[in-house]
Amino acid sequence: MTNIGIVGAGAAAAAATYVLDGAVPEADVTVLEKSGGVCGRAATRRNGDVTYDYGANYVKSEDERVVELLTETLDDDGLVDVTEPIYTFDADGTVSEGRDADDHKWTYRAGLTQIAKRLFAETDATVHRQTRVESLSRQGGRWHCTDTEGTEWGPFDALLLNPPAPQSADLLGTVEGSDAVADLETATRDVSYRTIWTAVLHYPFELDRPYYALVNPGKDHEIGWIAREECKPGHVPAGESLLVVQASHDWSVDHYDDPTAENVTDLAALTADIFDDERLTDPDWTDDQGWRYAQPDEGVRGGAVDAVADLNLYPLGDWVAGEGRLHVALRNGLETGETVAYSL
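Starting from 1, residues in each chain are numbered consecutively following that chain's sequence as written. Side-chain atom pairs in this predicted model are given and counted only at pLDDT of 80 or more, local residue features only at pLDDT of at least 70, and totals for whole chains, interfaces and linings cover all residues. The basis for every side-chain value is the complete set of non-hydrogen atoms in the structure, without hydrogens or water.

A. Expanded view of the overall build of the chain. Numbering of helices and strands runs from the N terminus; a helix is a DSSP stretch of H or I covering at least four residues, while a strand is a stretch of E covering at least two. When its secondary structure is counted, the chain shows ten helices and 20 strands. The C-alpha radius of gyration of the chain comes to 21 Å, within 12% of the 20 Å expected for a compact globule of 344 residues. If you line up the chain on its principal axes, its C-alpha atoms span 65 × 40 × 35 Å. Each residue's exposure class comes from its accessible area (1.4 Å probe, protein chains only) as a fraction of the maximum for that residue type: buried when under 20%, exposed when over 50%, partly exposed otherwise. Per-residue burial over the chain gives 54% buried out of 344 residues. Put simply, of all contacts in the chain between residues at least 6 apart along the chain, 74% involve residues at least 24 apart. Counted as positive: Lys and Arg. Counted as negative: Asp and Glu. His and the chain ends are not counted at all. All charge positions are set by atom: Lys at NZ, Arg at CZ, Asp at CG, Glu at CD. Side chains of the chain give 26 positive and 64 negative charges; the mean places of these two sets differ by 2 Å. For the radius of gyration, the atom set is restricted to C-alpha positions; the globular benchmark scales as 2.2 Å times the number of residues to the power 0.38. Contacts are assigned to residue pairs that have any heavy atoms within 4.5 Å of one another.

B. Representation of the pattern of salt bridges. Only one rule defines a salt bridge in this text: a Lys or Arg side-chain nitrogen within 4 Å of an Asp or Glu carboxyl oxygen. Counted by the stated rule, this structure contains 15 salt bridges. One salt bridge connects aspartate 53 with lysine 232, and the closest N-O pair in it is separated by 3.0 Å. Of this pair, aspartate 53 sits in strand S4 (residues 50–53) while lysine 232 sits in the loop between strand S17 (223–228) and strand S18 (241–247); the two residues are 179 residues apart in sequence, bridging distant segments of the chain. By relative accessible area, which is 0% here, aspartate 53 ends up buried. Overall, the relative accessible area of 1% leaves lysine 232 in the buried class. Each of Asp53, Glu229 and Lys232 takes part in one network of salt bridges that share partners.

C. Structural context of the sheet that holds strand S2 (residues 27–32). The sheet built from five strands is open, its strands ordered S10-S2-S1-S14-S20 with parallel pairing. With one partner strand each, in any of the chains shown, strand S10 (126–128) and strand S20 (313–315) form the two edges of the open sheet. Across this sheet, the average inter-strand angle for adjacent strands is 15°, counted without regard to direction. Bridge count for strand S1 (residues 2–7) against S2 is six bridges, and the pairing is parallel. Here, strands pair whenever DSSP counts at least two bridges between them. Between N-to-C directions, angles span 0 to 180 degrees; the directions come from axes that are lines fitted to C-alpha atoms, helices contributing only their stretch in contact.

D. Spatial organisation of the packing of helix H1 (residues 11–23) against helix H10 (residues 326–343). Two elements in contact, H1 and H10, have axes separated by 7 Å at closest approach and are oriented at 35°. Remark: the crossing between H1 and H10 carries right-handed chirality. Only Leu326, Ala329, Leu330, Gly333, Leu334, Gly337, Glu338, Val340 and Ala341 of H10 make contact with H1, whose side of the interface consists of Ala11, Ala12, Ala15, Ala16, Val19, Leu20 and Ala23. In the contact of H1 with H10, the residues fall into 13 nonpolar, two polar and one charged. The handedness criterion is simple: a crossing whose near helix is rotated anticlockwise from the far helix by less than a right angle is left-handed, and one whose near helix is rotated clockwise is right-handed. The residue classification treats Ala, Val, Leu, Ile, Met, Phe, Trp, Tyr, Cys and Pro as nonpolar and Asp, Glu, Lys and Arg as charged. All others, Gly included, are polar.

E. Broad picture of the environment of glycine 55. By the element assignment, glycine 55 lies in the loop between S4 and strand S5 (59–60). Residue classification places glycine 55 among the buried positions, given a relative accessible area of 0%. A C-alpha to C-alpha distance of 5.5 Å links glycine 55 and alanine 42, two positions 13 residues apart in sequence. Leaving out residues up to four positions away in the same chain, glycine 55 has contacts with Arg41, Ala43, Gln246 and Trp291.

F. How the structure looks around the nonpolar core. Here, the term nonpolar core denotes a set of buried Ala, Val, Leu, Ile, Met, Phe, Trp, Tyr and Cys residues that are joined through side-chain atoms within 4.5 Å. Core analysis: the biggest nonpolar cluster contains 43 residues, and Val59, Leu70, Ile115, Leu119, Leu160, Leu326 and Leu330 have the highest contact counts within it. Put simply, the parts of the chain that give this core at least two residues each are S1, H1, S2, helix H2 (64–73), strand S9 (105–108), helix H3 (114–121), strand S14 (158–161) and H10. Among the elements that make up this core, the one with the highest residue count is H1 (eight residues). In this view, leucine 70 contacts Val59, Asp76, Leu79, Trp106, Tyr108 and Ile115; residues no more than four positions away in its chain are not counted. Membership of the second largest hydrophobic core comes to 27 residues, among which are Phe156, Leu161, Leu171 and Trp319.

G. Main features of the environment of glutamate 72. Relative to the helices and strands, glutamate 72 is located in helix H2. Between the C-alpha atom of glutamate 72 and that of valine 305, which follows or precedes it by 233 residues, the distance is 31 Å.

H. Inspection of the packing of H2 against H10 at higher detail. At a minimum axis distance of 9 Å, the contact between H2 and H10 shows a crossing angle of 90°. Our classification of the angle between H2 and H10 gives roughly perpendicular. On the side of H2, the interface is formed by Arg65, Val66 and Leu69, while H10 contributes His327, Leu330, Arg331, Leu334, Glu335 and Glu338. Looking at side-chain class alone, the contact of H2 with H10 contains four nonpolar, one polar and four charged residues. Any angle from 65 to 115 degrees is called roughly perpendicular, while one under 35 is roughly parallel, one over 145 is roughly antiparallel, and all others are oblique.

I. The arrangement of the side chain of arginine 41 in detail. Following the sequence through the fold, arginine 41 ends up in the loop between S2 and strand S3 (44–47). Although arginine 41 is buried, it forms no salt bridge, and the closest oppositely charged side chain is aspartate 318 at an N-O distance of 6.1 Å. Here the side chain of arginine 41 touches alanine 294 through a polar contact of 3.1 Å, landing on its backbone oxygen. Apart from the residues within four sequence positions on either side, arginine 41 is in contact with Gly55, Ala56, Gln246, Trp291, Ala294 and Gln295. Any pair of nitrogen or oxygen atoms within 3.5 Å is treated as a polar contact; in protein, a donor-acceptor pairing is required on top of that, and neighbouring residues in sequence qualify only through side-chain atoms on both sides.

J. Just the packing of aromatic side chains, in detail. Ring geometry is summarised as follows: Phe, Tyr and Trp rings, the Trp one being its six-membered ring, pair when their centres sit within 6.5 Å, and such pairs are stacked at plane angles under 30 degrees, edge-to-face over 60 and tilted between the two. Under the criterion given, the structure shown has nine aromatic pairs. Residues tyrosine 193 and tyrosine 293 carry aromatic rings whose centres are separated by 5.7 Å and whose planes lie at 70° to one another, so their mutual orientation is edge-to-face. Taken as a pair, tyrosine 193 in strand S15 (residues 193–203) and tyrosine 293 in strand S19 (residues 285–296) lie far apart in primary sequence, 100 residues in all. The class for tyrosine 293 is partly exposed, based on a relative accessible area of 31%. Between tyrosine 203 and phenylalanine 205, the ring centres sit 5.4 Å apart and the planes meet at 40°, which makes this aromatic pair tilted. Side by side, tyrosine 203 and phenylalanine 205 carry an identical accessibility label, which is buried.

Distances and angles like these do not, on their own, reveal function.
Have a look at this one:
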């Protein structure tokens, strides 16, 4: 029996698990996820009849292999496409027709988290949620993980690391006696991230706009992105609106630890100004999420990743691929799963 451990249940981890389950059928795959959900920042919540993606917004159709995975390999029931365009706004909040570079903008009626749920459902892997790995060790050529409750997991013949780079670096820092792992830790700590503080604003009325979302390409406004969740089929009942408002990196860093109510009020006021609609200052319910490690600015140094493969240690995710996009994370997961399967 080959034992494979995976820390984190993000999109890349789910894709790798899917590949490993098919390519190494005798393997026992164990996934250890710190939170109660799967798919990382491709996250979905519900409030009554409303469904909303409050992290990643959709999957682009830029990678043929990911397109095939979503539309042909996996069950595509409930897969929906956002057809409205993306407009832009500038530092003054002036809206213009602009960007609609994405051929498809896919999600699911039940939300983006369906990607990981469907991938894991196709496997025999065991996913342990609410299990935060605190340290790693390598003994006798095999990997062991210890969680915050003191429970030891393993031994694993191969270990995959999916948490964001800063969290993966902390885990790598617990490994003793390996220059290659120490070098990877250093390289991983060098990966910088954009921070995004998100407000979710619901209204009991419809907004009549010709676009799905607004983006600030100049990065010169307090808000970086506003998406109309009602443009996603099945997400928002008729007669209602829900805006997912993502603050800019600078604003998010400055206000990350400020009182939630103040942040939501400020972002609602800024949104009302951009939309030129004072009603938007007063949502009837709200939600929020801080993403301290939202999107990597670059990828980890490739040589450091390659060097630990000899130890059967495999980082994976958008921070390994070098672009903070969901389709990039999925592709990296598929490729990493194949690499691990080949090595075993």
